[in-house]
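The primary structure of each chain is shown beneath.
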Amino acid sequence: MSKPGFDCVNQPRRIACLGAAAATANAVFGLPATAATTRDDVALDLHVELRAAPDRVALRSGEPTRVWRYHGKLLHGNPNALEASAGGDLGPIIRVRRGQRVRIELINGLPESTITHWHGLHVPDDMDGHPRFAIGPGERYVYEFTVLNRAGTYWFHPHPHGRTGKQVYFGLAGLFLVSDDEEAALDLPTGAQDIPLVIQDRSLDSDNQLVYLNEGVETAAKPRGGMMGSGGMMRGGGMMGRGMGGMMAGMMGMFGDDILVNGRLEPSLPVARRAHRLRLLNASNSRIYKLAWSDGKPLTVIGNDGGLLAEPLQRDYVMLAPAERLDVWVDFARWRAGAEPVLRSLAFASGTAMGGMMTGSSRLPDGAPFPVLRFRVGNEGSTGAPLPRRLSNVPPVRPRRAVNFDRPKVFDLTMRMMAWGINGKSFEMLAASPLETVKLGSEEVWEFRNDGTGGMMAMPHSMHVHGLQFRVLGRTTTGGSARAYDDVKAGLVDEGFKDTVLVMPGERVRILVRFADYAGLFLYHCHMLEHEDSGLMRNYRVVA
Ligand code: C2O
Ligand code: CU
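Remember, predicted model here, so these are calculated numbers, not experimental data.

The rules behind these values
Along each chain, residues carry numbers from 1 onward, in the same order as the chain's sequence is written. Think of it this way: whatever chain is written first is A, whatever ligand is written first is 1, and the rest follow in order. Where totals are concerned, whole chains, interfaces and linings use all residues; where local detail is concerned, this predicted model gives features only for residues with pLDDT of at least 70, and gives and counts side-chain atom pairs only at 80 or more. For the side-chain quantities, the full set of heavy atoms in the structure was used; hydrogens and water were omitted. DSSP-based pairing: two strands are paired if at least 2 bridges between them are found. A run of H or I in DSSP becomes a helix once it reaches four residues, and a run of E becomes a strand once it reaches two; helices and strands are each numbered from the N terminus. Axis angles are defined between N-to-C directions and span 0 to 180 degrees, where every axis is a line fitted to C-alpha atoms and, for a helix, only to the segment in contact. As used in this record, nonpolar core signifies buried Ala, Val, Leu, Ile, Met, Phe, Trp, Tyr and Cys residues forming a set joined through side-chain atoms within 4.5 Å. The classification of residues rests on relative accessible area computed with a 1.4 Å probe and restricted to protein chains. Under 20% of the type maximum is buried, over 50% is exposed, and intermediate values are partly exposed. Sodium, potassium and calcium take a 3.2 Å donor cutoff, other metals 2.8 Å, and in both cases only N, O and S atoms count; water is not among them, so sites may look incomplete. In what follows, a contact means two residues having at least one pair of non-hydrogen atoms within 4.5 Å. Salt bridges, as used here, are contacts in which a Lys or Arg side-chain nitrogen is within 4 Å of a carboxyl oxygen on Asp or Glu. Between the rings of Phe, Tyr and Trp (Trp by its six-membered ring), a pair exists once the centres lie within 6.5 Å; its type follows the angle of the planes, with under 30 degrees stacked, over 60 edge-to-face, and the other angles tilted. To sit over a ring, a charge needs its Lys NZ or Arg CZ within 6 Å of the ring centre and within 35 degrees of the ring normal.

A. Geometry of the sheet that holds strand E23 (residues 419–422). With mixed pairing, the five strands of this open sheet are ordered in space as E23-E22-E25-E29-E27. Two strands bound the open sheet, and with one partner strand each, they are E23 and strand E27 (471–477). The average undirected angle you get between the axes of adjacent strands in this sheet is 20°. Of the strand pairs in this sheet, strand E25 (residues 443–449) and strand E29 (residues 507–514) are connected by seven bridges, and their pairing is antiparallel. Paired with Trp-446 across the two strands is Ile-511, which belongs to E29.

B. View of the nonpolar core. Counting 45 residues, the largest nonpolar core has Ile-94, Val-96, Ile-104, Trp-118, Tyr-143, Phe-145 and Phe-176 as the members making the most contacts within it. Of all elements in the fold, only strand E1 (46–57), strand E2 (65–76), strand E4 (93–97), strand E5 (101–108), strand E7 (140–146), strand E8 (152–158) and strand E9 (174–179) reach the threshold of two or more residues within this core. Take this core: its biggest share by element is five residues, from E1. Among the nonpolar cores identified, the runner-up in size contains 43 residues, and Phe-470, Leu-502, Ile-511 and Tyr-524 belong to it.

C. Spotlight on the coordination of the copper ion (ligand 2). Taken together, the protein donors to the copper ion (ligand 2) comprise His-461 (ND1), Cys-526 (SG) and His-531 (ND1), at separations of 2.0 to 2.1 Å. What makes His-531 buried here is its relative accessible area of 0%.

D. Region of the structure containing the environment of Phe-176. By secondary structure assignment, the location of Phe-176 is in strand E9. Its relative accessible area of 1% is what places Phe-176 among the buried residues. For the pair formed by Phe-176 and Trp-155, sequence separation is 21 residues and the distance between their alpha carbons is 4.7 Å. Aside from chain neighbours lying at most four places away, what touches Phe-176 is Ile-94, Val-96, Ile-104, Trp-118, Leu-121, Phe-145, Val-147, Gly-152, Thr-153, Tyr-154, Trp-155 and Phe-156.

E. Region of the structure containing the pattern of salt bridges. Scanning the entire structure with this criterion turns up 35 salt bridges. Asp-406 is paired through a salt bridge with Arg-407; the nearest N and O atoms lie 4.0 Å apart. Accessibility classification places Asp-406 together with Arg-407 in one group, the exposed group. With its nearest N and O atoms 3.0 Å apart, the salt bridge here joins Arg-538 to Glu-436. In this pair, Arg-538 sits in strand E31 (residues 537–543) while Glu-436 sits in the loop between E23 and strand E24 (437–439), placing the two residues 102 residues apart along the sequence. Residue classification places Arg-538 among the buried residues on the basis of a relative accessible area of 2%. Within this structure, Asp-305, Glu-324, Arg-325, Lys-498 and Asp-499 form a network of salt bridges that share partners.

F. Layout of the packing of aromatic side chains. All told, the structure shown has 27 aromatic pairs when counted by the stated rule. Taken together through their ring pairs, the aromatic side chains of Tyr-70, Trp-118, Phe-133, Tyr-141, Tyr-143, Phe-145, Phe-156 and Phe-176 make up a single cluster. Between the NZ or CZ atom of Arg-202 and the centre of the ring of Tyr-169, over which it lies, the distance is 4.7 Å.

G. How the structure looks around the sheet that holds E24. Taking strand neighbours across the sheet as the criterion, the five strands line up as E24-E31-E30-E26-E28 in an open arrangement whose pairing is mixed. The open sheet has two free edges, formed respectively by E24 and strand E28 (500–503), since each of these has just one partner strand. Neighbouring strand axes in the sheet, compared pairwise and without regard to direction, differ in orientation by 25° on average. Inspection of the sheet shows strand E30 (residues 520–526) paired to E31 by six bridges, in the antiparallel sense. Across the sheet, His-525 pairs through a bridge with Met-537, a residue of E31.

Everything listed here is a matter of coordinates, which is why it stays silent on function.
See below:
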């Protein structure tokens, strides 16, 4: 695992490089990073301990639900930077400002290996939570990085190979909110009017316990074989142990019977009659949402994965695929006091045949309509600040800067021999093919093609690239799957910066990717976590 030299230019990055090199050396020798590998002479703005451990929460009346959960502890920094989630099973909200230096110490209190990924953040490869850095029970991994991202809604979740779906499902997820000067200069709703909404689906058994495929939450360590140790090298993790039914559902995706918002069932939220900013995150394992207001009026979108858009957009509905974020502005003064507007998910045609059959075991099949969140509009009357017409400086998309502008790299999303893959290859821990090797500082056009999994296995995919924010260049559809695309196309928000993009059956999506600042090995994969865990994930390598 040789590490090409970093391009160490400015002061904070130079320090990041030193810390990264030390941490990599430790990883090579199989040691978890410790505080000794980080630099104590750097002024930290935030120092947090993040512990992943079993817990019990009250999701329904009766028996408490056993979950796995992140607990944050502030060791240094602004007390407002760490906010425990109000209830349910979610982890804390971490709030930082662009440019801040952050140290986060992950402690694994789980009975199995884990590692945490900072979804959407631009950080060095050994700070990004690649599964090769997974740590065993009782071990610690120290992250330290400078926040270079634009203001926006990012998040964190586990990423051990073959177990990401299960660990997220049992409750391991939290928000990482970045602010900056550009955003602060706008008169956007803040405080109680700036509301993150994390949407997930779950199935509980009659004892109120979470059911993931055929597995329940473990609270104590089971004996582990060498291959299943902290490296998590075995392909597919525990997928084979589930029997045929569990294995098939595992490959198609976990679809829960009930919707949770911010870790709560049957959610409703009191709001003042004034403007709000709703930060939507789809932290579901595999479910896609087609969100609309119950009064049929359009949604006002002000941001997505990589922060604020150049200007607000109006959409009759919006699609939110796993891991995607949308910032929605709404003035609840448009409803009378006492009204109960609902954010709904509308019906849409998702996959076909096999996909529909396998996901049909949930009371809420993929693409079924259901309410997501009920708002209760209060009395307080207030006009509030109007929505700014210009939001953010989003540079124009310049595809001609790509080294392969006229020859996009093609990534076929494939299902062969009952295994998901990309160009026919499933995940390999340390491998990146020549096609998956890119030059530091360059830009490339990539095309994700979802036409190899047509027919029986036609399913949407939610493609995520680690370590960066990309631009969407365009979409084309092929063959007979046009209906699935037609059902969702008006709700796609491809503007601005993205790190995850929905690719419908029969669709091809082109993106412009820029590999800046950090060499190393990063992931790209489908964020339908069961697809990811069963092979729809690969590495790309950035070489200096
Ligand atoms: Cu949020 Cu590799 O993913
Ligand atoms: Cu997928």
